[in-house]
Amino acid sequence: MWNRLAEWIIRNRMPLSVVIGLITIVMGYYASKVEMSYEFARTVPPNDPDMIYHEQFKAQFGEDANLIAVGLKDSAVYKLDNFIALRELSDGIKKISGVTQVLSLPMLKMISKDTVKASFYLADVFNDTISSQVELDSMLHIARDQKIYADQLINTKNGATMMLVSVKKEVMNSALRVAMANSLMAEGKKFEDKTHIQLHYAGLPFIRTVVAVALKREMNIFLIASALVTGVIMFAFFRSFRAVLFSMIIIGILVVWVLGTLQLFGYKITLLSGLIPPVIVTIGVTNAIYLLNKYHLEYIRTKDKTMAILIVVRKMGLAMFLTNLTVAIGFLTLLATDITILREFGIVAGINILALFFVCLVMIPSVLYWLPVPSSKHLRHLDFKMMGSFLKSVDIMVHRQRTWIYAGSLLLAVISAIGISKLVSVSYMVDDVPESSQVKKDLKFFEANFSGFLPLEVMIQFHTKKKRPILDVKNLAKVEEFEDFLDSIPHMSRPLSVLSFIKASKQAFYNGNPERYSMPSRQEGAFILKYMKGQTDNSGLFKSFVDSTFSKMRVSCQIADIGSNRLDSLVHIAIEPRMKAIFATEGRDSISTAITGSTKIFIKGNKFLVANLQESLLLAFILITLSMAILFANVRMIIISLIPNLLALMITAGLMGFFHIPLKASTALIFSITFGISVDNSIRFLAKYRQEILSNNFFIPRAVSDSILETGKSIMYTSVVLFAGFSIFAFSSFGGTFALGLLTSITLVISMFTNLILLPALIMTFDRPKRNKGERLIIDDFDSTFYGENEDEEIDLSKIRIHNRHPSAE
C-alpha cells in the first residue's frame, strides 16, 4: 500500500502542493480573524449544579468578579492637595469607557434621615469644593465615623484606602478590556506623578487583562524562539541553509493552519491554545529531520536523487504516520474531558499534528526535488563518532550489566513512589502570575491591608409567607451571628450585606453616632424599620444585596488567595457546617443557604481539572496500548514497551513531589502529552528490533545491539530537538507555562534514557521470539532507520516521470 501511495504522492506532488497552498490561503484568512480570549477560563461544566446556581446568583445580584481595586497606603493622601488629586483620579476613571461606577474615599456616601418623609437618603460625605485642610480634616472625621466602610474601603488600623471600579460585563469579556485597563493605569500614573503616592491594582478583570496581554506577547516570542532554536539544531545537523529555510516554511504553513482552525471552530486563543504553534514547530522539525536524514542516507547508497526521494516517501510514510498518531492521541484524549479549554486545546492540537504528517510527507519531498543534490558537507552528520561511542557503551551495559540496570530502575521507581506520595494537588486563582511581578506584589498589598480581593458569596433565602422576612429582627439576628463568624476567620474581609445597611441606617437614625452602628433592638426596630420600609428596590440601596421581595439576600466577602486546598477546607469544613447550624429552623418556615461566587467555582473547577486530566491520561494509555497491540500483536512486547515510559512518568511525578511542584492543570497536562511523544521512541526501537530479529535468524543479542547502534541515534537526535523545543517554555513568566516546559523537557530526556537502556535490557531478558511461517505484522512496514540500513527492494522508477534539475553545489 505504501509503495503505491508513495508513487502517487510523487506523481502528484505539484497538484498536492497547490492544494496545500490554497488551504493555507483560506486558513490564513481565518487566522487573521482569530482573537484572544479575555474571559475567565471555565473549568466547571455549564450543566453542573454549582455553576447553574452561580449563573442564577449573577442574574439576581449582578457580577461578582467585575471589580477592579485601586489601593494606596500613604498618610500624605490626607493632605488637601493630594486628596483633591485623588478626587480628580476618581473622576477621571469614572469617565473611562466601560467603567460603570467608582466608589472611593472622596466620593463616599453616607446614609442620612429625612424626618419629614420618614425615610433615609444618601448624602455626600465630602463637598464638591474643599477650601482648607481644617475643612478636609473635619470631613475625614465624618468619613471615619461611617462604620459601614470600616475595613472595607478604609483600613481603620493603618489608614490604607482603596477605590472600587465597576466594569461592564461586555467590556470585561472582550478586547476592549485592554484599552480600559490601559486608560485606568494612565490615570493612575498622572496621580502618582503629581502626588508621589504609589498605587496598587487588583481584581479579576485587571489580572485577566495582564495575563491576556502577556500571553499574546509570549506566544509570539515562543513561536519565534522555537523556530530559531530548532532551526539552529537542524542547521548544525545538515549544514544547509536552504533545507532549513524550506523546512521552516513548511512548518510555518501548519502554524497558519492552527490559527485558522481556532477561528473555524469558533475558539479564541487561551493560555493553553497559545502553546500549540510552538509545539507544532518542535514536532514538525523532528519530522523534517527524519525525512532529511533518510534522504541523505539513501542518496549516499543509491547516488540517485529520484530513487532516494521515492524511498523516503515509501519507507518513512508509515513510520511518520504512527509517530504523529501516538502524539496526536495524547492530545485528542483531552476531548473526553468536560472542560472547554482542554477540549479546545486537544482537538486543535490533535488535528493539526495529524495534518502535519500530510503536509511534511507531501511538501518536503517536493522541496527536495527542487533543491540540488546534497554535497559532502551536508552529509557529514551521518558519521557522528561521539554519539556512536556513547551508544556502544550503552550496548555493552545492556549485555553485561542488566542486573544493575534493573536494580537502578527499581530503586528509581521506589524513590519516585516516595516522591509521588508527597505530591499535592493545589492551585491558586492567580497561579500563572510571576511572584516577582507588580501584579503579585499588588495582590499581596490587598491581602495585607484588606484581607484579599477574591469574591466569596453567600446567598440566603427565607421561605415564609411573611412579607419582607429579611427585615424581621429574628432573621437579622441570625444573619448577624453568621457575619460575626465570617469576620472572625483569618484571610477574610468583613462581610457586606443588607444587614450592613440596616446597621448604617440605625447609625443615621441617631444622627450619625458611630456607637449606634449595630443591630436595632425590638424597640428601635419599630422606628428604624419604618424608615427602611420607605425604601424601594429602585432606590439603588438594596438592589445589589436583596431582591424586591426582601426574601432573598446576599452576603459578600473578600478572601485572600490561600490556595485551592485551604479554600476548599475553609468553605466545606468550616463555613458550611456553621452556616447550616445557624440558619437551622423548625416548623413550616425554612431558610436555605448556599455558598457561591467565582472563588467557589474556582475550587470546584480545580478538582474537575485534575480529575479530567487523570482520566485523559488513562484514556491515552489505553488507546496507545491498543495501537501498539495492533502493531506488535504480542502481549509480552506491549508490556515491555510500556514499562520504560511509565517509569519516566513516575520519575517526573516523583521529582514534582520532592521539589514541592503541585499537581495542577499545567503540570497534570504534561503526562498525557509526554506519554504519547515518549512512546514513539519505544515504537522506533521495537520496529528496528523486529527487523533485526528476522534478519539475524532470531539471535536476540545481535538484534538488540544493531537496534541500539542504529535506532539509538534517531532517539537521541529527536530527543535533543524535543528537549530544546519544549524547554523554551521554561523561560515563560507564567508559572504554569514554566512548569509545563520544564517538566515536559525533563520527562522526554528521562524517556530517552529509559528507552535506550531499560527497554533493550527487558528485551534481552524476557523476549522469546518465535518464527511463525507466513506471519507479517504492520510493524514490519515501519522504517525506524536513522543512519545505516541496506535497502535491497526493487523500486519501479518507470512509473514516475521527473524533470530533475542539474546538480550544483550549494
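Residues numbered from 1 in each chain as written. Predicted model: local features only at pLDDT ≥ 70, side-chain atom pairs only at ≥ 80, totals over all residues. Heavy atoms only, no water.

## Some thoughts on helix H2 (residues 13–31)
- Compared with the 27 Å implied by 1.5 Å per residue over 19 residues, the 26 Å span of H2 between its first and last C-alpha is a close match.
- Listing the buried residues of H2 in full gives Arg13, Leu16, Ser17, Ile20, Thr24, Met27 and Ala31. Looking straight down H2, one finds its buried side chains confined to an arc of 95 degrees; they lie on one side. Across H2 from its buried face, at more than 90 degrees, point the exposed residues Met14, Leu22 and Ile25. (Helix = DSSP H or I, 4+ residues; strand = E, 2+ residues; numbered from the N terminus. Expected span 1.5 Å × (residues − 1). Buried < 20%, exposed > 50% of the residue type's maximum accessible area, 1.4 Å probe, protein only. Arc of directions from axis to C-beta.)

## Some points on the packing of aromatic side chains
- Scanning the entire structure with this criterion turns up 18 aromatic pairs.
- Ring plane angle 35 degrees and centroid distance 6.2 Å describe the contact between phenylalanine 446 and phenylalanine 450, whose orientation is recorded as tilted. Of this pair, phenylalanine 446 and phenylalanine 450 both sit in helix H15 (residues 438–450), 4 residues apart, which is roughly one turn of the helix.
- With relative accessibility at 0%, the residue phenylalanine 446 sits in the buried group.
- Connected via pairs of aromatic rings, a cluster forms that spans Phe445, Phe446, Phe450 and Phe453.
- For arginine 13, the ring lying beneath its charged end belongs to tyrosine 369, and the centroid distance is 4.4 Å. (Phe/Tyr/Trp six-rings, centres within 6.5 Å; stacked < 30°, edge-to-face > 60°. Lys NZ or Arg CZ within 6 Å of the ring centre and 35° of its normal.)

## A few points about unusual backbone geometry
- We note that histidine 196 has phi near 60 degrees; this positive angle belongs to a residue other than glycine.
- By the element assignment, histidine 196 lies in the loop between helix H7 (176–195) and strand E6 (200–202).
- Looking at histidine 196, the relative accessible area reads 69%, which means it is exposed.
- The phi dihedral of phenylalanine 698 falls on the positive side, at around 60 degrees, and the residue is not glycine.

## Quick look at the sheet that holds strand E7 (residues 454–463)
- Taken together, the 3 strands give an open sheet; going across it, the order is E8-E7-E9, and neighbouring strands pair in antiparallel fashion. Because the sheet does not close on itself, it has two edges, and the strands there are strand E8 (552–559) and strand E9 (590–596). Averaged over neighbouring strand pairs, the angle between their axes works out to 15 degrees when direction is ignored.
- Where E7 meets E8, 8 bridges bridge the pair, whose relative direction is antiparallel. Bridging from a neighbouring strand, glutamate 457 pairs with serine 556 of E8.
- Here helix H3 (residues 49–61) sits on the sheet and contacts E7, E8 and E9; the angle it forms with E8, its principal contact strand, is near 105 degrees. (Pairing = 2+ DSSP bridges. Axes fitted to C-alpha atoms, helices over the stretch in contact; angles between N-to-C directions. Contact = heavy atoms within 4.5 Å.)

## Here we look at helix H16 (residues 473–487)
- Taking 1.5 Å per residue, 15 residues should reach 21 Å; H16 reaches 20 Å between its end C-alpha atoms and fits that length.
- At the N-terminal boundary of H16, the capping side chain belongs to aspartate 472, with an oxygen 2.8 Å from the backbone nitrogen of lysine 474. (Polar contact = N/O pair within 3.5 Å; in protein donor to acceptor, adjacent residues only side chain to side chain.)

## Quick look at the sheet that holds strand E5 (residues 161–167)
- Within the open sheet, the 4 strands sit side by side as E2-E5-E1-E6. Their pairing is antiparallel. For this open sheet the edge positions go to strand E2 (99–103) and E6, each flanked by a neighbour on one side alone. Geometrically, the sheet is characterised by an average inter-axis angle of 20 degrees between neighbouring strands, direction not taken into account.
- Strand direction decides the pairing type here: E2 and E5, joined by 4 bridges, are antiparallel. Residue pairing for E5: leucine 103 is matched across the bridge by leucine 164.
- Each of strand E1 (67–72), E2, E5 and E6 is contacted by H7, which is oriented at about 15 degrees to E1, the strand it contacts most.

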